[in-house]
Amino acid sequence: MLLGRSTFGGWLRERRRMLDLTQAELARRVGCSEITIRKIEANDRIPSRQIAELLAGMLDIPSAERATFVAFARGRPAPSAPHPAGPAVQGVPAPLTRLLGREQAAAAIARRLLDEEVRLLTLVGPPGIGKTRLALHVAAELGPQFPDGARFVPLAALADAQLVLEAVAQAAGVGADAGRALADQLVDALRERALLLVLDNFEHVLPAASEIAQLLTHCPRLTVLATSRAALHVRGEQLFPVAPLALPPPCGPLDAAQVASSPAVQLFVERTQAVAPHFALSADNAPAVAAICARLDGLPLAIELAAARCRLLSPAALLARLAELRAALPAPAQGPGDLPPRHRGLGPAVRGG
Ligand SMILES: Nc1ncnc2c1ncn2[C@@H]1O[C@H](COP(=O)(O)OP(=O)(O)OP(=O)(O)O)[C@@H](O)[C@H]1O
Ligand SMILES: [Mg+2]
């Protein structure tokens, strides 16, 4: 039943498609919202025991296998998952909020990473555009399809490009032996491994790009997904420019439903609701919300920081003060306190500079 998968979300999506069901149809049969199914498939939510049992019924799981199914759905790895070395996806942080939009980008990135010709794919774009977020999503979705899974290597905090190989070794579980060059030890350990390595925020360590290129040359089954504000500029690198979140159409009379379906607006609404639970998108405030997102160029980080101001301001008031806000952001207190330090200093991005 559960062969070949180690995330429940990926398994569920495949099974639903096999049964030719849409997310909406499965949600209707289970009696939950479509968004719940979407989150479960994206591994953003663990189903309740009750939903897991209903899913088992709707997906024709034989009764002898239902207890295993529910345990798997509730977070225990599949007993037959093919990764004896450990979970397929290791060290990939699970975001606390859901991914908005990006369906096409994520599918395009996944397609390219599964192409054997593509060894190094770099998601490039300005600060706060959502490169890391997209890479995390792709790694979680795709890791199980790589025989040796995916590993996440955060580089933003490294003070020195010379520490990159050490960070890779640590993430890949390669113990370093002080007597030999680390690059050689990594090659020995990774030569046979079909692994997806996510190197996040590579712009901090660009001088290490050639070491990564060397590693790829000697480890033919290794695939690297990098995120970076600038290209690594090594041979074999392919670039995937990350676009801003889609905005509502710019001209014509604004249709509230169209506004609500824009991922940029959804991000604004969700982050506003996190600080002002009664906030809702309405025909009245939709034009101001659409205008705010457009003024912030669909940049997710800027939208998040602006939405944090809506605890006290209406969207219309926020829009009116946007010029002033752009100049003032980001004081650390304006956004969530757990933002990474590099994002607290993102004045230029928020100002569009
Ligand atoms: N599609 C999305 N859905 C929900 N939130 C998003 C999305 N894209 C980005 N975000 C949020 O926006 C913020 C900035 O995104 P992220 O950290 O991925 O940007 P980045 O391009 O990696 O920036 P940097 O260059 O500074 O590393 C994060 O809080 C992230 O969770
Ligand atoms: Mg990043």
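Data block above holds the structure.
It should be emphasised that the depicted structure is a prediction, and the values quoted were computed from it without experimental measurement.

Undergrad: Describe the overall build of the protein chain, listing the residues and the values that go with them.
TA: Check the secondary structure of the protein chain and you find 18 helices and six strands. Split into buried and exposed, the 353 residues of the protein chain put 48% on the buried side. Relative to all contacts within the protein chain whose residues are 6 or more apart in sequence, the contacts with residues 24 or more apart total 73%. Summed over its atoms, the accessible surface of the protein chain is roughly 16,800 Å², and 54% of this surface lies on carbon and sulfur atoms.

Undergrad: Talk me through the coordination of the magnesium ion (ligand 2); I want residue IDs and the actual numbers.
TA: Coordination sphere of the magnesium ion (ligand 2), protein contribution only: Thr-132 (OG1) and Asn-201 (OD1), at 2.0 to 2.7 Å. Pair noted here: Thr-132 is in helix 7 (residues 131–142) and Asn-201 is in the loop between strand 4 (196–200) and helix 10 (209–218), with a separation of 69 residues, a long-range link. One exposure class covers both Thr-132 and Asn-201, and it is buried.

Undergrad: If you had to explain helix 4 (residues 49–58) to someone new, which residues and values would you point to?
TA: Owing to its 3.6 residues per turn, the α-helix aligns residues three or four sequence positions apart on the same side. All buried positions along helix 4 are accounted for by Ile-51, Ala-52, Leu-55 and Ala-56. Looking down the long axis of helix 4, one finds its buried residues gathered within 145° of arc, a one-sided arrangement. Next to the buried residues of helix 4 lie helix 1 (8–18), helix 2 (23–30), helix 3 (34–41) and helix 5 (66–73).

Undergrad: Before we move on, can you summarise the side chain of Glu-237 with the specific residues and values?
TA: Structurally, Glu-237 can be placed in strand 6 (residues 237–241). There is no salt bridge for the buried Glu-237, and the closest opposite charge comes from Arg-112, which lies 9.8 Å off by N-O distance. Within polar-contact distance, the side chain of Glu-237 engages the backbone nitrogen of Leu-232 at 2.8 Å.

Undergrad: Describe in detail the pairing of strand 2 (residues 120–124), supporting the description with residues and values.
TA: Burial of strand 2 is extensive: five of the five residues sit out of reach of the surface. Burial along strand 2 is two-sided: Leu-120, Thr-122 and Val-124 facing one way and Leu-121 and Leu-123 facing the other are all buried. One ladder, built from five bridges, connects strand 2 with strand 5 (residues 223–228); its direction is parallel. Looking at strand 5, one finds that Leu-121 is bridged to Leu-225.

Undergrad: Account for the side chain of Thr-272, naming residues and giving values.
TA: Structurally, the position occupied by Thr-272 is in helix 12 (residues 263–275). Discounting chain neighbours no more than four positions away, the residues touching Thr-272 are Phe-279, Ala-307 and Cys-310.

Undergrad: I'd like to hear about the pattern of salt bridges, residue by residue, with values.
TA: All chains considered together, the criterion is met by ten salt bridges. As a salt-bridge pair, Arg-191 and Asp-188 come within 2.8 Å of each other at their nearest N and O atoms. Accessibility expressed as a relative area gives 41% for Asp-188, which makes it partly exposed. With a closest N to O distance of 3.7 Å, Arg-229 and Glu-203 form a salt bridge. Of the two residues, Arg-229 sits in the loop between strand 5 and strand 6 while Glu-203 sits in the loop between strand 4 and helix 10, which places them 26 residues apart along the sequence. Its relative accessible area of 32% is what places Arg-229 among the partly exposed residues.

Undergrad: How would you summarise the packing of helix 12 against helix 14 (residues 300–307) if you had to cite specific residues and measurements?
TA: At their nearest, the axes of helix 12 and helix 14 sit 8 Å apart, and the two run at 35° to each other. Judged by the twist between their axes, the crossing of helix 12 over helix 14 is right-handed. Here Ala-264, Leu-267, Phe-268, Arg-271, Thr-272 and Val-275 of helix 12 come into contact with helix 14, specifically with Pro-300, Ile-303, Glu-304, Ala-306 and Ala-307. Here the residues of the contact of helix 12 with helix 14 sort into eight nonpolar, one polar and two charged.

Undergrad: Residues and numbers for the nonpolar core, please.
TA: Core analysis: the largest hydrophobic core is formed by 50 residues, its most contacted members being Ile-109, Leu-113, Leu-123, Leu-225, Phe-240 and Phe-268. When we break this core down by domain, the ones giving at least three residues each are domain 2 (89–93 + 101–241) and domain 3 (256–350). Counting 31 residues, the second-largest nonpolar core is a separate cluster that includes Leu-155, Ala-161, Ala-213 and Leu-232.

Undergrad: Please provide a residue-by-residue account of the pairing of strand 4, values included.
TA: Burial runs high along strand 4: five of the five residues are buried. Across the two faces of strand 4 the burial is the same, with Leu-196, Val-198 and Asp-200 and Leu-197 and Leu-199 all buried. Sheet analysis places strand 3 (residues 150–154) next to strand 4, joined by five bridges and oriented parallel. Considered in strand 4, the bridge of Pro-154 is made with Asp-200. Here strand 4 pairs with strand 5 via four bridges, running parallel. Paired with Val-198 across the two strands is Leu-225, which belongs to strand 5. As a crossover connection, the stretch from strand 4 through helix 10 into strand 5 is right-handed.

What counts, and at which threshold
Residues numbered from 1 in each chain as written. Chains lettered and ligands numbered in written order. Predicted model: local features only at pLDDT ≥ 70, side-chain atom pairs only at ≥ 80, totals over all residues. Heavy atoms only, no water. Helix = DSSP H or I, 4+ residues; strand = E, 2+ residues; numbered from the N terminus. Buried < 20%, exposed > 50% of the residue type's maximum accessible area, 1.4 Å probe, protein only. Contact = heavy atoms within 4.5 Å. Areas by Shrake-Rupley, 256 points an atom, 1.4 Å probe, with all protein chains shown as cover. Donors = N, O, S within 2.8 Å, 3.2 Å for Na, K, Ca; no water. Arc of directions from axis to C-beta. Lys, Arg positive; Asp, Glu negative; His and termini not counted. Salt bridge = Lys/Arg side-chain N within 4 Å of Asp/Glu carboxyl O. Polar contact = N/O pair within 3.5 Å; in protein donor to acceptor, adjacent residues only side chain to side chain. Pairing = 2+ DSSP bridges. Axes fitted to C-alpha atoms, helices over the stretch in contact; angles between N-to-C directions. Left-handed = near helix turned anticlockwise from the far one by under 90°. Nonpolar A, V, L, I, M, F, W, Y, C, P; charged D, E, K, R; others polar. Core = buried A, V, L, I, M, F, W, Y, C linked by side-chain atoms within 4.5 Å. Domains from an automatic or database assignment. Right-handed = clockwise from strand over helix to strand, strands pointing away.

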